[in-house]
Amino acid sequence: MNFNEISFRVRYSETDQMGVVYHGNYAQYFEMGRVEWLRQLGTSYKEMESTGIMLPVISLHVDFKKSAVYDDLLTVRTTLKKMPSVRIEFDFEIRNEIGDVLVTANTVLVFMDMAKKRPVKCPDYLLEKIAEAQ
């Protein structure tokens, strides 16, 4: 399991005056994908933070191809790009219900010791879960 898919409908409040999804909302969609990717793996951000590790985003690249609009059913596909080390990298693809690719993106996050505010290696338990899911 190196990928996960989630689906949801665009809410009216996520659109701008032109009736399309406001570009800033896509970062939240990517976060939803990452959270569910971790959950499918058998862990969560909440569990990771309880062990003193956080995952701030250090890079976000988005390519907008087509617009999403109110009430579109979107599917976010979150793919782990490679085994994590100090960093973890994901690719994203967002499609509408007829299969059009609307957005592709990439995020890089760093494992951070919450107390020391310093980067750390990916926790062993997470590496083991990823290896088991392959």
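Residues numbered from 1 in each chain as written. Predicted model: local features only at pLDDT ≥ 70, side-chain atom pairs only at ≥ 80, totals over all residues. Heavy atoms only, no water.

Here we take up the overall build of the protein chain. Each helix and strand in the protein chain was counted, giving three helices and eight strands. Dimensions of the protein chain, computed from the C-alpha atoms along their principal axes, are close to 45 × 30 × 20 Å. By element, 51% of the accessible surface of the protein chain is carried by carbon and sulfur atoms, the whole surface being about 7700 Å². When the 17 basic and 19 acidic side-chain charges of the protein chain are each reduced to a single mean position, those positions are 6 Å apart. (Helix = DSSP H or I, 4+ residues; strand = E, 2+ residues; numbered from the N terminus. Areas by Shrake-Rupley, 256 points an atom, 1.4 Å probe, with all protein chains shown as cover. Lys, Arg positive; Asp, Glu negative; His and termini not counted. Charge placed at Lys NZ, Arg CZ, Asp CG, Glu CD.)

For the rest of this paragraph, the subject is the sheet that holds strand β2 (residues 53-54). What the three strands build is an open sheet, ordered β2-β7-β8; its pairing is antiparallel. Of all strands in the sheet, those with a lone pairing partner are β2 and β8 (118-119), marking the two edges. By the bridge criterion, two bridges tie β2 to strand β7 (residues 112-113) in an arrangement that is antiparallel. Within β7, the residue paired with Ile 53 across the bridge is Asp 113. (Pairing = 2+ DSSP bridges.)

All right, on to unusual backbone geometry then. One non-glycine residue, Asp 71, adopts positive backbone phi at about 75 degrees. Within the fold, Asp 71 resides in the loop between β3 (57-64) and β4 (73-80). Unusually for a residue other than glycine, Lys 117 sits at a positive phi of about 55 degrees.

What follows covers the packing of aromatic side chains. Applying the stated criterion across every chain yields a total of seven aromatic pairs. Aromatic pair Phe 8 and Tyr 29: ring centres 4.8 Å apart, planes at 55 degrees, arrangement tilted. Separated by 21 residues along the polypeptide, Phe 8 in strand β1 (residues 3-9) and Tyr 29 in helix α1 (residues 25-41) bring together distant segments of the chain. Comparing Phe 8 with Tyr 29, the two get one shared label, buried. Their ring planes at 70 degrees and their centres at 5.4 Å tell us that Tyr 26 and Phe 64 sit as a pair that is edge-to-face. Highlighted residues: Tyr 26 in helix α1 and Phe 64 in strand β3, separated in sequence by 38 residues. Judged by its relative accessible area of 3%, Tyr 26 falls in the buried class. (Phe/Tyr/Trp six-rings, centres within 6.5 Å; stacked < 30°, edge-to-face > 60°. Buried < 20%, exposed > 50% of the residue type's maximum accessible area, 1.4 Å probe, protein only.)

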